[in-house]
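This is what each chain is made of:
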Amino acid sequence: MPLEPFKQSDALTMGVELELQIVNPYDLDLTPGADDLLALLKRAPFPGSVTPEMTQSMIEIATGVHTRHDALLAQLRAIRDTLLEAAERLNVELAGGGTHPFQRWFEQRIFDKPRFQQLSGLYGYLAKQFTVFGQHVHIGCRSADEALFLLHALNRYVPHFIALSASSPFFQGVDTLFDSARLNSVFAFPLSGRAPFVLRWDDFEQGYFRKMESTGVVKSMKDFYWDIRPKPEYGTIELRVCDTPLTVERAAALACYLQALCRHLLEGGEPPPEEDDYLVYTYNRFQACRFGLEGTMVHPRTREPLSIREDILATLRRLEPHAQALDSTAALAELEAVAGAAGNHARQLRAVHARTGSIQAVVRAAVDALRDGVLS
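Residues numbered from 1 in each chain as written. Predicted model: local features only at pLDDT ≥ 70, side-chain atom pairs only at ≥ 80, totals over all residues. Heavy atoms only, no water.

Some remarks on the overall build of the protein
Secondary structure summary: the protein contains 15 helices and 13 strands in total. Here the C-alpha atoms of the protein give a radius of gyration of 20 Å, agreeing with the 21 Å that 2.2 N^0.38 yields for 376 residues. C-alpha extents for the protein along the principal axes are approximately 55 × 50 × 35 Å. Within the protein, contacts between residues at least 6 apart in sequence are counted, and of these 78% link residues at least 24 apart. The distance from the centre of the 38 positive side-chain charges to the centre of the 47 negative ones in the protein is 2 Å. (Helix = DSSP H or I, 4+ residues; strand = E, 2+ residues; numbered from the N terminus. Rg over C-alpha atoms; globule rule 2.2 N^0.38 Å. Contact = heavy atoms within 4.5 Å. Lys, Arg positive; Asp, Glu negative; His and termini not counted. Charge placed at Lys NZ, Arg CZ, Asp CG, Glu CD.)

Quick look at the packing of aromatic side chains
In this structure the tally under the stated criterion is 11 aromatic pairs. Taking the centre distance of 6.0 Å and the plane angle of 40° together, the rings of Y208 and F224 count as tilted. Here Y208 is found in helix α8 (residues 201-215), whereas its partner F224 is found in the loop between α8 and β9 (225-226), with 16 residues between them in sequence. F224 sits in the buried class, given a relative accessible area of 0%. Just above the ring of Y278 sits the side chain of R194; from NZ or CZ to the centre is 3.8 Å. Lying across the ring of F178, R290 places its NZ or CZ 6.0 Å from the centre. (Phe/Tyr/Trp six-rings, centres within 6.5 Å; stacked < 30°, edge-to-face > 60°. Buried < 20%, exposed > 50% of the residue type's maximum accessible area, 1.4 Å probe, protein only. Lys NZ or Arg CZ within 6 Å of the ring centre and 35° of its normal.)

Details of helix α10 (residues 281-291)
Taken together, the buried positions of α10 are occupied by Y281, N284, R285, Q287, A288 and C289. The inward-facing, buried residues of α10 abut α6 (158-165), α7 (182-187), β8 (192-193), β12 (296-298) and α11 (308-318). Directly after α10, the chain includes G292, whose backbone phi takes a positive value near 60°.

Let's talk about the pattern of salt bridges
Following the criterion strictly, the structure yields 25 salt bridges and no others. The shortest N-O distance in the salt bridge between D179 and R350 comes to 2.8 Å. Pair noted here: D179 is in the loop between β7 (174-175) and α7 and R350 is in helix α14 (residues 345-356), with a separation of 171 residues, a long-range link. Residue classification places R350 among the partly exposed residues on the basis of a relative accessible area of 21%. (Salt bridge = Lys/Arg side-chain N within 4 Å of Asp/Glu carboxyl O.)

Section: the packing of helix α1 (residues 34-41) against helix α2 (residues 69-89)
Two numbers describe how α1 lies on α2: the axes approach to 10 Å, and their chain directions differ by 120°. In this view, α1 runs oblique relative to α2, as classed from their interaxial angle. Between α1 and α2 the crossing geometry is right-handed. Residues L37, L40 and L41 of α1 lie in contact with α2, whose contacting residues are T82, L83, A86, A87 and R89. In the contact of α1 with α2, the residues fall into 6 nonpolar, 1 polar and 1 charged. (Axes fitted to C-alpha atoms, helices over the stretch in contact; angles between N-to-C directions. Parallel < 35°, antiparallel > 145°, perpendicular 65-115°, else oblique. Left-handed = near helix turned anticlockwise from the far one by under 90°. Nonpolar A, V, L, I, M, F, W, Y, C, P; charged D, E, K, R; others polar.)

Focus on the pairing of strand β5 (residues 134-140)
The element β5 is extensively covered by neighbouring structure, given that 7 of its 7 residues are classed as buried. Side-chain alternation along β5 places G134, H136, H138 and G140 on one buried face and Q135, V137 and I139 on a second face that is also buried. The pairing of strand β1 (residues 14-23) with β5 spans 5 bridges and is classified as antiparallel. Within β5, the residue paired with E17 across the bridge is H136. Relative to strand β11 (residues 236-243), β5 is paired through 6 bridges, and the arrangement is antiparallel. (Pairing = 2+ DSSP bridges.)

Below, the structure written as structure tokens:
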């Protein structure tokens with residue numbers, strides 16, 4: 001089938017998707033509650049959208065289209081409050097976080113939806129291991145060529161989003177020593193990683209996509225699990241590397257950071273992207289997953305080593321005029337606090353475990369953080 005036309009959107013509009021964990025209140029393990037939760041939420045108006053995900057112990061929520069931090073955050077809070085009220089009625093709890101710390105993948109149930117069943121048949125046990133939880137951020141683009149430009153111009157900033165959002169240090173009951181263990185599950189899929197370096201939509205459609213389609217490997221853009229991918233049906237690019245944060249406040253801040261970066265890039269703030277930028281891409285991504293803010297990345301142009309923490313702080317300073325223009329200074333101030341002192345959610349979850357010695361306490365902290373807007 002042909003690649004659908006790229007829908008024109010207003011530049012720098014944004015939307016957020018969050019995959020959330022459904023846990024039982026007794027031992028805080030994942031529980032297959034998606035069917036009941038979705039059925040209950042259909043009975044009354046919902047302040048966003050909510051859909052099933054790969055397994056029965058997860059759901060995905062999505063906001064509408066926004067331009068400002070305050071409106072985006074207000075909708076995310078309304079969605080959260082509605083979800084928590086429904087979850088309480090069903091005697092289940094909800095949490096963010098990129099992985100559940102001790103669930104066993106082989107106990108998960110694939111959601112009864114044709115696409116999920118087809119993916120389960122194709123990918124085998126990888127489908128159940130894909131019970132991991134991410135934040136996706138969409139940024140509106142005025143044209144398909146603009147989307148491809150932004151997709152590739154953002155390549156050097158991907159480690160920033162991994163490190164700032166990292167919230168998955170524990171997996172299968174152990175500390176993985178990664179700040180973002182979630183992305184190791186994503187990398188197992190054959191069509192993950194980076195998009196091909198193409199800057200014109202005609203070349204992407206007529207060259208790359210049609211060739212891939214002719215192999216029978218892909219049928220639509222949904223078959224690509226790239227770190228950033230174009231979404232022609234929405235007229236956006238979609239950043240997919242973030243763990244689901246523990247709070248909707250952090251999720252809104254990350255979206256506004258991406259929005260400000262895109263404004264900076266569209267106004268010619270940096271040289272145009274090149275294929276050689278990707279020479280260090282996989283290494284930089286690994287550093288962010290493994291060490292988070294303590295990682296070291298290599299600048300793709302100067303080839304100089306950079307502290308991820310210091311590079312984020314320097315970038316936030318450069319983006320101050322854009323944050324002011326977009327009314328998102330509060331969002332970027334939160335991320336400055338994360339990079340400067342507070343640390344990411346992975347660090348804070350490790351602190352909970354060190355203090356309590358309990359992996360269940362880590363989940364309890366995540367559940368409380370979603371409700372309260374702060375991890376204590």
